[in-house]
Amino acid sequence: EKRHARSRSRGESSGDRTATTFRDTFDLAGRLVFAERQGAFCDGVVAKLEAQLREAKASADKWRIEREVVSRELDAARGEAEWSRLPEAPWEKICGMLVDEGKSLLPFALTCSRFRETQKRVLASRKRPFESKVKSGYEVEMEAFVMHE
């Protein structure tokens, strides 16, 4: 009764109050339907994003595995070449053959530091120093002295 009295004091009739209640109810029902639709839409968006995330993770895993394989291959290629694992004896023999044939050892020695060391060892073991065509001043004087005598 107190509510009815307050409503009447505001100038509302019982019919107005019912209409307001129905209007509020329909308004609330409309909001509820809208919220449910928005929720369903958001759930759909979330599901799509989760599916995209799963695909991206699968793709990332595939690329990570491929990158690891390529990285291992690259590390192997950067490592020692197959020919560098051979023992020293064949390289010394090849260098000795080049010396015997009178071929230039410069390309052989410039190939790598290992070949340069091999060249040094072979030349030291042969004990045949390179003969220089340029003569020092002392050698020229000695030749002149020997010729005059």
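Heads up: the structure comes first, above all this text.
Residues numbered from 1 in each chain as written. Predicted model: local features only at pLDDT ≥ 70, side-chain atom pairs only at ≥ 80, totals over all residues. Heavy atoms only, no water.

### Here's the deal with the overall build of the chain
For clarity, the cut-off: In this text, helices come from DSSP runs of H or I with a minimum length of four residues, and strands from runs of E with a minimum of two, each type numbered from the N-terminal end. Note on exposure labels: buried denotes an accessible area under 20% of the residue type's maximum, exposed denotes more than 50%, and partly exposed covers the range between, all computed with a 1.4 Å probe on protein chains only. It only takes one pair of heavy atoms within 4.5 Å for two residues to be counted as in contact. The protein chains shown are the only cover counted for residues, whose accessible areas, like all others here, come from Shrake-Rupley with a 1.4 Å probe.
Summing up its helical and strand segments, the chain has six helices and zero strands in all. Ordered by position from N to C terminus, the α and β elements of the chain give α-α-α-α-α-α. For the chain, the proportion of its 149 residues judged to be buried stands at 11%. For the chain, the share of sequence-separated contacts (at least 6 apart) that also reach a separation of at least 24 residues comes to 51%. Put simply, the chain shows about 13100 Å² of open surface, and 59% of that area lies on carbon and sulfur atoms.

### Structural notes on the environment of Phe108
Mapped onto the elements, Phe108 comes out in helix H4 (residues 106-111). Judged by relative accessible area, which is 8%, Phe108 ranks as buried. Dropping the residues within four chain positions of it, Phe108 is found in contact with Trp91, Ile94, Cys95, Leu98, Phe115, Thr118 and Gln119.

### What to know about the pattern of salt bridges
In a structure, side chains of opposite charge can pair up when their charged atoms sit close to one another. Formally: Any Lys or Arg side-chain nitrogen located within 4 Å of an Asp or Glu carboxyl oxygen qualifies as a salt bridge.
Considering all chains together, one arrives at six salt bridges under this definition. Between Asp27 and Arg31 there is a salt bridge; the shortest N-O distance is 3.3 Å. Separated by four residues within a single helix, Asp27 and Arg31 lie in helix H2 (residues 14-78), roughly one turn from each other. Here Asp27 falls in the partly exposed class, since its relative accessible area comes to 38%. By relative accessible area, Arg31 is classed as exposed at 55%. When salt bridges with common partners are traced through the structure, they connect Glu88, Glu92, Arg114 and Arg121 into a single cluster.

### Considerations on a nonpolar patch on the surface
As a reminder, the rule being used: In this analysis, a patch consists of residues with relative accessible area above 30% that form no salt bridge, clustered at 9 Å for like charges and at 5 Å for the nonpolar side chains Val, Leu, Ile, Met, Phe, Trp and Tyr.
Taken together, the side chains of Phe41, Val45 and Leu49 make up a nonpolar region of the molecular surface, amounting to roughly 300 Å² of accessible area. Residue placement: Phe41 occurs in helix H2.

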